[in-house]
Amino acid sequence: DVVMTQSPLSLPVTPGEPASISCRSSQSLLYTNGYNYVNWYLQKPGQSPQLLIYLTSNRASGVPDRFSGSGSGTDFTLRISRVEAEDVGVYYCMQPLRSPWTFGQGTKVEIK
Amino acid sequence: LQLQESGPGLVKPSETLSLTCTVSGDYISGSSFFWGWTRQPPGKRLEWIGTISSSGTTYYNPSLTSRITVSVDTSKNQFSLKLTSVIAADTGVYYCATERRDSFNYIDQWGQGILVTVSS
């Protein structure tokens, strides 16, 4: 299975400041079509996960543009340009390229 | 589109866990979506379990293949998960969800989740 490793596991943030989460995969997630197959999800407290980013850098419908994704191969990053209070929760990276689809262990973002 | 999981919250070890996901706001039949199950054991990462297409093609996590069955009932607009011979490690929140499995692979809409505890 492809192992997804996130860092940090805990991220205290200050509202208005930027934040970033790293995700590393044990195998390349670059497919022959040129796309890197990494998705990002946010699980807010008491809620189900919600899709933020797909194919490394594409924001899902309704996701604010302060969220952005980048990376290629085995190294990926989710960035929040200016953190807001509503962004707290656990962020997961996920690879949907190789079966079984696998997730990172999660990064808990909380307000300082 | 909304998804709602249902089923028992407590299952005894060695028995079969059976969950149903009721879909509203769209029809499973003929849909381009795929219909999947993901779970989250307490304190652990999310784990994809298995998926079914509207035509009945299934995709299973190899670690669970011998124990799982995902099926669809288009007449009820529902899909289901059966997990046999459950053990304590199968305890967790089980989510049903829609998936895209084209060039944009992702899990899209999630149900609210249902906590299943395996215990005698």
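For the structure, see preceding data.
Residues numbered from 1 in each chain as written. Chains lettered and ligands numbered in written order. Predicted model: local features only at pLDDT ≥ 70, side-chain atom pairs only at ≥ 80, totals over all residues. Heavy atoms only, no water.

Chemist: Hey, could you run me through the pattern of salt bridges in this one?
Modeler: If the charged atoms of two oppositely charged side chains come close together, the side chains can form a pair. Residues and elements named next belong to chain A. By the definition in use, this model includes nine salt bridges over all chains. Notably, a salt bridge pairs Asp-75 with Arg-24, separated by 2.5 Å at the nearest N-O pair. Taken as a pair, Asp-75 in strand E8 (residues 75–80) and Arg-24 in strand E3 (residues 19–25) lie far apart in primary sequence, 51 residues in all. On the basis of relative accessible area, Asp-75 is assigned to the partly exposed category, the value being 32%. Under the relative-accessibility criterion, Arg-24 is labelled exposed at 51%. (Salt bridge = Lys/Arg side-chain N within 4 Å of Asp/Glu carboxyl O. Helix = DSSP H or I, 4+ residues; strand = E, 2+ residues; numbered from the N terminus. Buried < 20%, exposed > 50% of the residue type's maximum accessible area, 1.4 Å probe, protein only.)

Chemist: I tried to follow the layout of surface pockets on my own but got confused; where do I start?
Modeler: Taken as a whole, the largest pocket encloses approximately 290 Å³ of empty space. A:Pro49, A:Gln50, B:Asp108, B:Gln109 and B:Trp110 are the residues nearest the centre of the largest pocket, which is lined by 15 residues in total. Mapped by element, the contributors of at least two residues to the lining of the largest pocket are strand E5 (49–54) of chain A together with strand E1 (2–6) and strand E10 (106–110) of chain B. Residues that form the lining of the largest pocket fall into these classes: eight nonpolar, six polar and one charged. If you trace the second largest pocket, you find it lined by A:Asp1, A:Pro100, A:Trp101, A:Thr102, A:Phe103, B:Arg45, B:Leu46, B:Glu47, B:Trp48, B:Asn61 and B:Ser63. (1 Å grid on protein atoms, 1.4 Å probe; cavity = no way out; pocket = protein on both sides within 12 Å on 5 of 7 lines; lining within 4 Å. Points joined across faces, edges and corners; volume = space filled by probe spheres on them. Nonpolar A, V, L, I, M, F, W, Y, C, P; charged D, E, K, R; others polar.)

Chemist: Just to check I follow, could you spell out the interface of chain B and chain A for this structure?
Modeler: For an interface, size is often stated in terms of accessible area lost upon the parts coming together. On the chain A side, the residues contacting the 23 residues of chain B number 20 residues. Of all residues in chain B, the largest losses of buried area upon contact with chain A belong to B:Arg45, B:Leu46 and B:Asn105, amounting jointly to 32% of the total for that side. For the pair chain B and chain A, the number of links is zero salt bridges. Our count for the contact surface shared by chain B and chain A stands at ten residue pairs in polar contact (both at pLDDT 80 or more). When contributions to the side of chain B that touches chain A are tallied by element, the ones reaching two or more residues are strand E4 (34–40), strand E5 (47–53), strand E9 (92–100) and E10 of chain B. Top element by residues in the side of chain B that touches chain A is E10(B). It accounts for four residues. (Contact = heavy atoms within 4.5 Å. Buried area = accessible area lost by both parts, 1.4 Å probe. Polar contact = N/O pair within 3.5 Å; in protein donor to acceptor, adjacent residues only side chain to side chain.)

Chemist: Help me understand the packing of aromatic side chains in this model?
Modeler: The geometry of an aromatic ring pair is captured by the separation of the ring centres together with the interplanar angle, meaning the angle of the planes. Tallied over the full model, the rule gives twelve aromatic pairs over all chains. Measuring from ring centre to ring centre gives 5.5 Å for B:Tyr95 and B:Trp110, while their planes differ by 85°; the resulting arrangement is edge-to-face. Of this pair, B:Tyr95 sits in strand E9 while B:Trp110 sits in strand E10, and the two are 15 residues apart along the sequence. By relative accessible area, which is 4% here, B:Tyr95 ends up buried. Given a relative accessible area of 11%, B:Trp110 falls into the buried group. An aromatic cluster is present here, built from A:Tyr41, A:Phe103, B:Tyr95 and B:Trp110 joined pairwise through their rings. The side chain of B:Arg101 reaches across the aromatic face of A:Trp101, ending 3.9 Å from its centre. The ring of B:Tyr59 is capped by B:Arg101, whose NZ or CZ atom sits 4.7 Å from the centre of that ring. (Phe/Tyr/Trp six-rings, centres within 6.5 Å; stacked < 30°, edge-to-face > 60°. Lys NZ or Arg CZ within 6 Å of the ring centre and 35° of its normal.)

Chemist: Explanation requested: the environment of A:Tyr37 in the structure shown.
Modeler: Residues and elements named next belong to chain A. Note that Tyr-37 resides in the loop between E3 and strand E4 (39–43). Looking at Tyr-37, the relative accessible area reads 4%, which means it is buried. As a C-alpha pair, Tyr-37 and Val-3 span 34 residues in sequence and 14 Å in three-dimensional space. At a separation of 3.0 Å, a polar atom in the side chain of Tyr-37 contacts the side chain of Asn-33.

Chemist: Just to check I follow, could you spell out the nonpolar core for this structure?
Modeler: Core analysis: the biggest nonpolar cluster contains 39 residues, and A:Trp40, A:Tyr41, A:Leu52, A:Tyr91, A:Phe103, B:Ile107 and B:Trp110 have the highest contact counts within it. Elements with a contribution of two residues or more to this core: strand E2 (10–13), E3, E4, E5, E8 and strand E9 (89–95) of chain A together with E9 and E10 of chain B. If near-sequence neighbours (up to four positions away) are discounted, A:Leu52 is found in contact with A:Trp40, A:Tyr41, A:Leu42, A:Asn58, A:Arg59, A:Ala60, A:Val63, A:Phe67, A:Leu78 and A:Tyr91. With 24 residues, the next largest nonpolar core counts B:Phe33, B:Leu64, B:Val86 and B:Tyr94 among its residues. (Core = buried A, V, L, I, M, F, W, Y, C linked by side-chain atoms within 4.5 Å.)

Chemist: Hey, could you run me through the sheet that holds E3(A) in this one?
Modeler: Sheet strands pair by backbone hydrogen bonding; their relative direction is either parallel or antiparallel. Residue and element names in this part refer to chain A. The sheet built from four strands is open, its strands ordered E1-E3-E8-E7 with antiparallel pairing. With one partner strand each, in any of the chains shown, strand E1 (4–7) and strand E7 (67–72) form the two edges of the open sheet. The mean inter-strand angle of the sheet, taken between neighbouring strand axes irrespective of direction, is 20°. As paired elements, E1 and E3 share four bridges and run antiparallel to each other. From the neighbouring strand, Gln-6 faces E3, where its bridge partner is Cys-23. (Pairing = 2+ DSSP bridges. Axes fitted to C-alpha atoms, helices over the stretch in contact; angles between N-to-C directions.)

Geometric values such as these leave the question of function open.
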